[in-house]
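# Structural characterization, general
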Amino acid sequence: MTTQMTLVGFMQAGNVTVYSGSWRYPSADLGFLTMPYYTHIAQVLEAAKFDCVFFDDRLAMPGVYGDSVAGAVRYGARPIKLDLTAVLGGIIGATSRIGVGATYSTTYYAPFHVARTFATLDHLSGGRAAWNVVTSVNDSEAQNFGLESHLDHDQRYDRAEEFLEAVTALWDSWEPDALVLDRASGEFADPGKVHEVNHKGQYFSVRGPLTVPRTPQGRPVILQAGSSGRGRRFAGRWADMIFTADPGLPVAQKHYAEQKAQIADTGRDPDDVKLLPMAYTVVGETEAIAREKERLFLDAYVHPVASLALLSEVLNYDFSRHDLDDVISDELMAASGGIRGLAEGIRNHLGREVTLRDLAAHRATLLQGPRFVGTPEQVADQMEEWFTSGGCDGFVLAATHLPGAFEELTRMVVPILQERGLFRREYAGATLRAHLGVTTPTVGTRTPPS
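Residues numbered from 1 in each chain as written. Predicted model: local features only at pLDDT ≥ 70, side-chain atom pairs only at ≥ 80, totals over all residues. Heavy atoms only, no water.

A few words now on the overall build of the protein. Summing up its helical and strand segments, the protein has 16 helices and 13 strands in all. Taken over C-alpha atoms, the radius of gyration comes to 21 Å for the protein, in line with the 22 Å a tight globule of 450 residues would show. Structurally, the protein occupies a C-alpha span of about 70 × 50 × 45 Å along its principal axes. Counting across all 450 residues of the protein, residues that qualify as buried make up 58%. Expressed as a percentage of contacts within the protein between residues at least 6 apart in sequence, the contacts between residues at least 24 apart total 76%. Summed over its atoms, the accessible surface of the protein is roughly 17,500 Å², and 51% of this surface lies on carbon and sulfur atoms. If you average the places of the 41 positive and of the 55 negative side-chain charges in the protein, the two averages end up 2 Å apart. (Helix = DSSP H or I, 4+ residues; strand = E, 2+ residues; numbered from the N terminus. Rg over C-alpha atoms; globule rule 2.2 N^0.38 Å. Buried < 20%, exposed > 50% of the residue type's maximum accessible area, 1.4 Å probe, protein only. Contact = heavy atoms within 4.5 Å. Areas by Shrake-Rupley, 256 points an atom, 1.4 Å probe, with all protein chains shown as cover. Lys, Arg positive; Asp, Glu negative; His and termini not counted. Charge placed at Lys NZ, Arg CZ, Asp CG, Glu CD.)

Quick look at the packing of aromatic side chains now. Enumeration over the complete set of coordinates arrives at 18 aromatic pairs. With a centroid separation of 6.3 Å and an interplanar angle of 75°, the aromatic rings of phenylalanine 50 and phenylalanine 423 are classed as edge-to-face. A residue pair is termed long-range when its members are at least 10 positions apart, and phenylalanine 50 in the loop between helix H1 (35–47) and strand S2 (52–56) and phenylalanine 423 in the loop between helix H15 (404–419) and helix H16 (432–436) qualify at 373 residues. By relative accessible area, phenylalanine 50 is classed as buried at 0%. Judged by centre distance (5.2 Å) and plane angle (85°), the rings of tyrosine 104 and phenylalanine 118 are edge-to-face. A residue pair is termed long-range when its members are at least 10 positions apart, and tyrosine 104 in strand S3 (residues 99–105) and phenylalanine 118 in helix H4 (residues 111–124) qualify at 14 residues. (Phe/Tyr/Trp six-rings, centres within 6.5 Å; stacked < 30°, edge-to-face > 60°.)

Turning to the side chain of lysine 260, a few remarks are in order. Along the chain, lysine 260 turns up in helix H8 (residues 249–265). Judged by relative accessible area, which is 10%, lysine 260 ranks as buried. A distance of 2.8 Å separates a polar side-chain atom of lysine 260 from the backbone oxygen of proline 270. In contact with lysine 260, other than residues within four places in its own chain, are Pro270, Asp271, Val273, Leu275 and Asp393. (Polar contact = N/O pair within 3.5 Å; in protein donor to acceptor, adjacent residues only side chain to side chain.)

Let's shift gears to helix H6 (residues 153–171). A rise of 1.5 Å per residue sets the reference length of H6, with its 19 residues, at 27 Å; its end C-alpha atoms lie 27 Å apart and thus fit the reference within 8%. Of all 19 residues in H6, 14 are buried; the element is thus mostly enclosed. (Expected span 1.5 Å × (residues − 1).)

Written out as structure tokens, the structure reads:
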């Protein structure tokens, strides 16, 4: 296990964080349609030496609940999702070291487009780009791209496997020394070091080469968050960082050991892949203040329709047809492509059957991951326990409200982690791979089939 944590700031390019009531918090900045909103947060995280700031995304408004976007629009349940390329471009210009990550779907984009986008971001950032690979989950997204319904779970991952094979081949289509730039002879690049890909598979046909030379990182960093068995195998094959959603430390320790073994089975070094549970922190000058802030976050600002709108979107299932106390049955899990992993994790955590009310609470308040609450020392203690006991390699830290939650965390907790030697005081390198301490891939590196 690594000796220092990896810390990633989790963001949405819109009005809320993962916490659906975050925009209502009295001190929340509502400037989410302006670039300074995002550059300020990135600068706060960079000053604290975070590895990366990463943006989640969806390609539709939440419109599954009640077959309408009305609830999401009325209560601010992520109806706004800005284009991430523009947001990351602004952050790249306003920072110099922190990694920058964005979500792109393997279901609704083409391999060449994604390969070019992230290769460009990697060059313009000086080697700080990361791609969060998602397969997308709901019919609302499908309907924004000319389809009636979403692909089933296994087909999405079949497509994603081939997508990654095509993208990595495109990233490798330029050898590192292909650019010559000889003004005297007029030779710009060596054509013998720029290669067609000629990928022909079940889902994609890509000739190549990529129109962007090999990037400072060799390849941008890959993030992935699959929680099902197939998702975990996919992450074990491809990801440099894996986001997890384990509700308690014993579950996290078991997941950590299993996932690291699975990574080793692919022939990769398990230390080259960081397992990072999603978490949020609530910090107060005293424990009583922190608990009162937690109560406000959990109870005062979450509208139940907002929570259910997000839950229906994420799980691609209209929960408006159910009562809050209905049990999540095997039949219901079979009806929704994404519900199984989340429901099983919550069931393991609670030790009982899971109801819609349980799922709604988890979606509204991020209870599917750890929640660290207390004084700065207490929050640091809780993070240290997870990190040193085989539960994780660090954390993806979400905010209860912005920018305050990140400002409090970086001002009050990070210095304690640094004092304990658990987190860096300065960046040691210039690229995201250097921050993470993971291998820079060479041209032609391939992972074996899953």
